[in-house]
Amino acid sequence: MRNGEPAVAVDGLVKRFGELEAVRGVELQVAAGEIFGFLGPNGAGKSTTINMLCTLLRPTSGSARVAGHDVVSERDDVRRNIGLVFQDPTLDNYLTGEQNLRFHAELYGVPRALVPERMRQVLEMVGLWDRRGDRVEIYSGGMKRRLEIARGLLHSPRVLFLDEPTVGLDPQTRSSIWDYIRRLKDAEEITIFMTTHYMDEAEFCDRIAIMDQGTIVALDTPEALKAGVGKDRVQIHTDDDGAAIEALRDRFGLEAKVAEGAVTFAVPSGEAFVPRLFAELGVPIRSVSVSRPSLDDVFMSFTGSTIRDAEGSANDWMRMAARGRR
Amino acid sequence: MGTPAPAEAGSVVRVQVPERSVRHDLRVVKIVLHRELIRFWHDKMRIVSTLVQPVLWLLVMGTGLSNLMASGGPSGEIDLKTFIFPGVCAMSVMFTAMFSAGSIVWDREFGFLREMLVAPVSRSAIVVGKCVGGATVATLQGLLIVMLAGLAGVPYDPLLLLEMIGIMFLGAFALTGFGVIMAARIKTMQSFFALMQMAMMPMMFLSGALYPLSGLPTWLSVLTRINPLTYAVDPLRQVVFAHLDVSAELERTFNPGVTWNGWVVPVWLELLIIVALGPILTAVAIWEFRRGD
């Protein structure tokens, strides 16, 4: 990969499965060294896109270059330069952690002289060096995922693809996986391309693309996306929530609802609104909090539904498409 | 390319993945084979359970039917156990080889196959590694059965053991190839076992492992001659009988060889069939894996 060339460059990428158009013309560029997040509900086309970038699926049309190589015509070159961590585990449970990595090293032709040192490095990074001699079948879910990340890094890939790296893990393990991912970015010169449907995780990315029903609906830094929503979330505790909601509607024209035990509504530049609120609401206010929009709000503003609702309908959509094909 | 690129960035060891080469392919073959051995060694239960069946055939069936023979047939100084011993060896090699091939289905179900298929390596290296690995494991299992020779009245002659192991390896290689062809398309372990039963039982019964192939009705005779396992069982029996001291009449009854329309097929030709079958079946398996790409 030459300097300045993007780590991932995607142009008009389309994937059709029979009648179903899973990916409908995706365009994006990821700079070297970025952590790039792919956000969207299940069934939005994230995994299909990532599979095309990893050379596991052939695009119906469009093109993609990863680490400077075309994913169709230079498949082996792409494969040599990427690391993969899939949604579903791909470890051999009968082998020890170390044996799994050794298998990978041989499979990728890692120069023999470098294997022990490199293996130690990646295992230490994910905190599994002491457990390397244990068979993988006794590893916990989080340990397995960490081992897979270590394995994906073993051959020093330019781009590491992580497909839902934290799905199905408990919150504590999720945050420790994120620690490793961030540490990794500092230690290795690597581009990370990941998919997730956890909003809070997307915040850790340098840039995120929001995908819905096969297309990218938004692509920017998390901050810019949130700023683009243009509204802050205001929560107030009052003596009479019902009266407060009514007053907000009548005097300010705002739709409010009770969420998390507080009257909640969205308004542009929330801090500036607070003095007016106290002056004009006419209902005693006990406390106020103003917060910047979350990625949940971003997703909502671009797709018109929360990610959880979108998940439900996307699944229905996929199911219907699958039924239609039969 | 192909040379180690030492790290400059801090203490991080940077690795450069080399271009494809024959040397790299050989490393892949070796590691796939190595994994088969590790798994075989770990799975003591499988080693024991694959031993049970041949012992049953040899001791229970062999002894039981020997009595039947003694009352009427020209048994003389030879035991039925001796007769079926080579057949039992071939059978257990076949079972182990097929099970090894079946691990591909297992790997697919548990995701490990994906790890192999996304690597920048040729499919051929993976399939060849799998076939040689399956053959090695099956031969090791066969070695355990050969150790039971004494129970069947077969002498522990080092030369005989070597010959048997050689033939078993050739047969196991072809059989693993056959198993990999079946496993290439199958998605679940259950369907693989069902298919395996369907393929192995007829192969076993039509191979001459359990009865001599002379004087059979034409239909049965034809079926046994097109069964590849026949050409692995007969050489095994030939080498066993070559180390026994039996009368010509007994030899004719128990070790009639395989005939094509009255012509006795020489052992070298039988071995040639088995030797040729291995690479042919492996090539078909490689083709199947490339197609599914």
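Each chain carries its own residue numbering, running from 1 in the written order of its sequence. Ligands are numbered from 1 and chains lettered from A, in the order in which they are written. Per-residue local features of the predicted model are confined to residues with pLDDT of at least 70, and side-chain atom pairs are confined, for both listing and counting, to 80 or more; whole-chain, interface and lining totals are unaffected and use all residues. Processing note: side-chain calculations cover all non-hydrogen atoms of the structure and skip hydrogens and water entirely.

## What about helix α7 (residues 189–205) of chain B?
Residues and elements named next belong to chain B. Secondary structure elements follow DSSP: runs of H or I no shorter than four residues count as helices, runs of E no shorter than two count as strands, and numbering proceeds from the N terminus. A helix is expected to reach a length of 1.5 Å times the quantity of its residues less one. The end-to-end C-alpha separation of α7 is 24 Å, in line with the 24 Å expected for 17 residues at 1.5 Å each. We call a residue buried when its accessible area falls under 20% of the maximum for its residue type, exposed when it is over 50%, and partly exposed in between, using a 1.4 Å probe and counting protein chains only. Looking only at α7, the buried set comprises Met189, Phe192, Met196, Ala199, Met200, Met203 and Met204. Each buried residue of α7 lies within a common arc of 125° when the element is viewed along its axis, so the set occupies one face. When the buried face of α7 is taken as reference, the exposed residues oriented beyond 90 degrees from it are Gln190 and Met198. This arc corresponds to the set of directions leading from the helix axis out to the C-beta atoms.

## Quick look at unusual backbone geometry
All names here are of chain A. One non-glycine residue, alanine 67, lies in the positive phi region at around 50°. For alanine 67, a relative accessible area of 2% puts it in the buried group. Positive phi is not limited to glycine here, since glutamine 213 has a value of about 50°. Summarising the element assignment, glutamine 213 is placed in the loop between β9 (207–212) and β10 (215–220).

## A few points about the sheet that holds strand β1 (residues 8–17) of chain A
All names here are of chain A. Here we have four strands laid out as an open sheet, ordered β2-β1-β4-β5, and antiparallel in their pairing. The open sheet terminates on both sides in strands that have one partner only, identified here as β2 (20–30) and β5 (69–70). Sheet topology places β1 next to strand β4 (residues 61–66); five bridges connect them, and they run antiparallel. Looking at the pairing, valine 8 lines up with valine 66 of β4. Set on the sheet, helix α1 (residues 46–53) makes contact with β1, β2 and β4; between it and β1 the angle comes to about 120°. Pairing between two strands is assigned when DSSP locates at least 2 bridges connecting them. Contact definition: two residues touch when any of their heavy atoms are within 4.5 Å. Orientation is described by lines fitted to C-alpha atoms, with helices fitted over the stretch in contact, and by angles between N-to-C directions that extend from 0 to 180 degrees.

## Remarks on the sheet that holds strand β14 (residues 285–291) of chain A
Residue and element names in this part refer to chain A. Here four strands make up an open sheet; going across it, the order is β12-β13-β11-β14 and the pairing antiparallel. The open sheet has two free edges, formed respectively by β12 (257–259) and β14, since each of these has just one partner strand. With direction set aside, neighbouring strand axes in the sheet form an average angle of 35°. Along the sheet, helix α9 (residues 241–252) makes contact with β11 (232–238), β12 and β13 (262–267), crossing β13 at roughly 15°. Across the face of the sheet, helix α10 (residues 270–280) comes into contact with β11, β13 and β14 while running at roughly 165° to β14.

## Points about the side chain of arginine 80 of chain A
With respect to the helices and strands, arginine 80 of chain A occurs in helix α2 (residues 75–80). Definition of a polar contact: a pair of N or O atoms within 3.5 Å, with one able to donate and the other able to accept a hydrogen when the atoms are protein atoms, and with sequence-neighbouring residues admitted only if both atoms are side-chain atoms. A distance of 3.4 Å separates the side chain of arginine 80 of chain A from the side chain of glutamate 19 of chain B, its partner in a polar contact. Ignoring sequence-local partners within four residues, the contact set of arginine 80 of chain A consists of His155 of chain A together with Val17, Pro18, Glu19, Arg20 and Pro120 of chain B.

## Digging into the packing of aromatic side chains
Only Phe, Tyr and Trp rings are paired, with Trp represented by its six-membered ring, and only when their centres lie within 6.5 Å; those with planes under 30 degrees apart are stacked, over 60 edge-to-face, the remainder tilted. One pass over the full model with this rule turns up 15 aromatic pairs over all chains. Three or more aromatic residues link up through ring pairs in this structure, and these residues are Phe36, Phe38, Phe161 and Phe193 of chain A. Placement of a charge over a ring requires the Lys NZ or Arg CZ to be within 6 Å of the ring centre, with the centre-to-atom vector within 35 degrees of the ring normal. Stacked on the ring of tryptophan 41 of chain B, the Lys or Arg lysine 44 of chain B has its end atom at 4.5 Å from the ring centre.

## Here's the deal with the environment of leucine 281 of chain A
Residues and elements named next belong to chain A. Along the polypeptide, leucine 281 turns up in the loop between α10 and β14. Overall, leucine 281 belongs to the buried group, its relative accessible area being 1%. The sequence separation of leucine 281 and alanine 209 amounts to 72 residues, and the corresponding C-alpha distance is 39 Å. For leucine 281, the contacting residues outside a window of four places in its chain are Ile236, Ala244, Ala247, Leu248, Arg251, Phe252 and Arg276.

## Overview of the UniProt feature "transmembrane region" (unreviewed entry) in chain B
Here, the residues flagged by UniProt with the feature "transmembrane region" (unreviewed entry) are residues 47–71, 83–106, 127–152, 164–184, 191–213 and 263–287 of chain B. Span residues 83–106 of chain B is 100% helix and 0% strand, its end C-alpha atoms 36 Å apart. UniProt positions are given in the numbering used here, feature names are shortened, and annotations may be inferred rather than shown by experiment.

## Overview of the interface of chain B and chain A
Opposite the 36 residues of chain B that make contact, chain A presents 39 residues. Put simply, buried area is the surface a 1.4 Å probe can reach on two separate parts but cannot reach once they are joined, added for both. Taken together, the two surfaces of chain B and chain A that pack against each other cover about 3800 Å², and 56% of this comes from carbon and sulfur. Considering only the side of chain B, the residues that lose the most area to chain A are Arg14, Arg27 and Glu115 of chain B, jointly responsible for 19% of the buried surface there. One side-chain nitrogen of Lys or Arg within 4 Å of one carboxyl oxygen of Asp or Glu is enough to make a salt bridge. Between the two partners, chain B and chain A, sit six salt bridges. A salt bridge links aspartate 76 of chain A to arginine 20 of chain B; its shortest N-O distance comes to 2.9 Å. At the surface where chain B touches chain A, the tally comes to 14 residue pairs in polar contact (both at pLDDT 80 or more). Among the secondary structure elements, those contributing two or more residues to the side of chain B that touches chain A are α1 (22–42) and α4 (112–117) of chain B.

## Overview of a nonpolar patch on the surface
All names here are of chain B. Patch criteria: residues need more than 30% relative accessible area and no salt bridge. Like-charged residues are merged within 9 Å; nonpolar side chains of Val, Leu, Ile, Met, Phe, Trp and Tyr are merged within 5 Å. For the accessible areas, the method is Shrake-Rupley and the probe is 1.4 Å, while residue cover comes only from the protein chains on display. Where nonpolar side chains cluster on the molecular surface, the patch consists of Val48, Val52, Leu56, Leu59, Val60 and Leu151 and spans about 500 Å² of accessible area. Examined against the element boundaries, leucine 59 turns out to sit in helix α2 (residues 44–72). Judged by its relative accessible area of 33%, leucine 59 falls in the partly exposed class.

## As for the UniProt feature "domain: ABC transporter" (unreviewed entry) in chain A
If you check UniProt for "domain: ABC transporter" (unreviewed entry), the listed places come out as residues 8–238 of chain A in our numbering. In this annotation, residues 8–238 of chain A is assigned 34% helix and 29% strand; the end-to-end C-alpha distance for the span is 51 Å.

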